Amino acid sequence: RNATLSHPRRASRTGYGNGEVCTIYNVELSPVFAIAFETEACCDVLTINGEHYRGRNGPAGVVAADGTLQWLSDGTTGGAGR
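Just so it is clear, the model here is predicted, and its values are computed rather than measured. (Residues numbered from 1 in each chain as written. Predicted model: local features only at pLDDT ≥ 70, side-chain atom pairs only at ≥ 80, totals over all residues. Heavy atoms only, no water.)

## Here's the deal with the overall build of the protein chain
Looking only at helices and strands, the protein chain has 0 helices and 6 strands in total. When the helices and strands of the protein chain are listed from N to C terminus, the series reads β-β-β-β-β-β. Counting only residues that meet the buried cut, the protein chain has 32% of its 82 residues in that class. The long-range share in the protein chain, meaning contacts at least 24 apart out of those at least 6 apart in sequence, stands at 63%. Of the roughly 5400 Å² of accessible surface on the protein chain, a fraction of 53% belongs to carbon and sulfur atoms. (Helix = DSSP H or I, 4+ residues; strand = E, 2+ residues; numbered from the N terminus. Buried < 20%, exposed > 50% of the residue type's maximum accessible area, 1.4 Å probe, protein only. Contact = heavy atoms within 4.5 Å. Areas by Shrake-Rupley, 256 points an atom, 1.4 Å probe, with all protein chains shown as cover.)

See the structure below:
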């Protein structure tokens, strides 16, 4: 079963903002793949199983063992949010 996660502002193409936090719980134990992924490499991060994904290095086949995905952006520069 496939699911898509996208930032709400992505539809308007404004990307993501500063100081955002999003935690998604109860994620199915299925591999997570980033079709497109772009964040501020130094400071904005997607975390799965304690592994940090940033810049253009998104998850590829990672299973969220604890069922949790977490997104954090710092307070300076937003990004494309792909």
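We are not done yet, so read on.
## Observations regarding the state of the cysteines
Covalent bonding between the sulfur atoms of two cysteines is what defines a disulfide. Under the criterion given, the structure shown has 1 disulfide. Covalently, Cys42 is tied to Cys43 through a disulfide, its sulfur atoms 2.3 Å apart. Taking the sign of the S-S torsion, about -90° here, the bridge from Cys42 to Cys43 comes out left-handed. Here Cys42 falls in the exposed class, since its relative accessible area comes to 52%. (Disulfide = S-S within 2.5 Å.)

## Concerning the sheet that holds strand 4 (residues 51–53)
With respect to topology, 4 strands assemble into an open sheet ordered 1-6-3-4, the strand pairing being antiparallel. The open sheet is flanked by strand 1 (21–24) and strand 4, the only strands paired with a single partner. Taking each pair of neighbouring strands and ignoring which way they run, the sheet shows an average axis angle of 20°. (Pairing = 2+ DSSP bridges. Axes fitted to C-alpha atoms, helices over the stretch in contact; angles between N-to-C directions.)

## Description of the environment of Arg56
The topology assignment puts Arg56 in the loop between strand 4 and strand 5 (60–63). Between the alpha carbons of Arg56 and Ala34 there is a distance of 9.6 Å; along the sequence they are 22 residues apart. With residues near it in sequence (within four places) discarded, Arg56 still touches Phe37 and Glu38.

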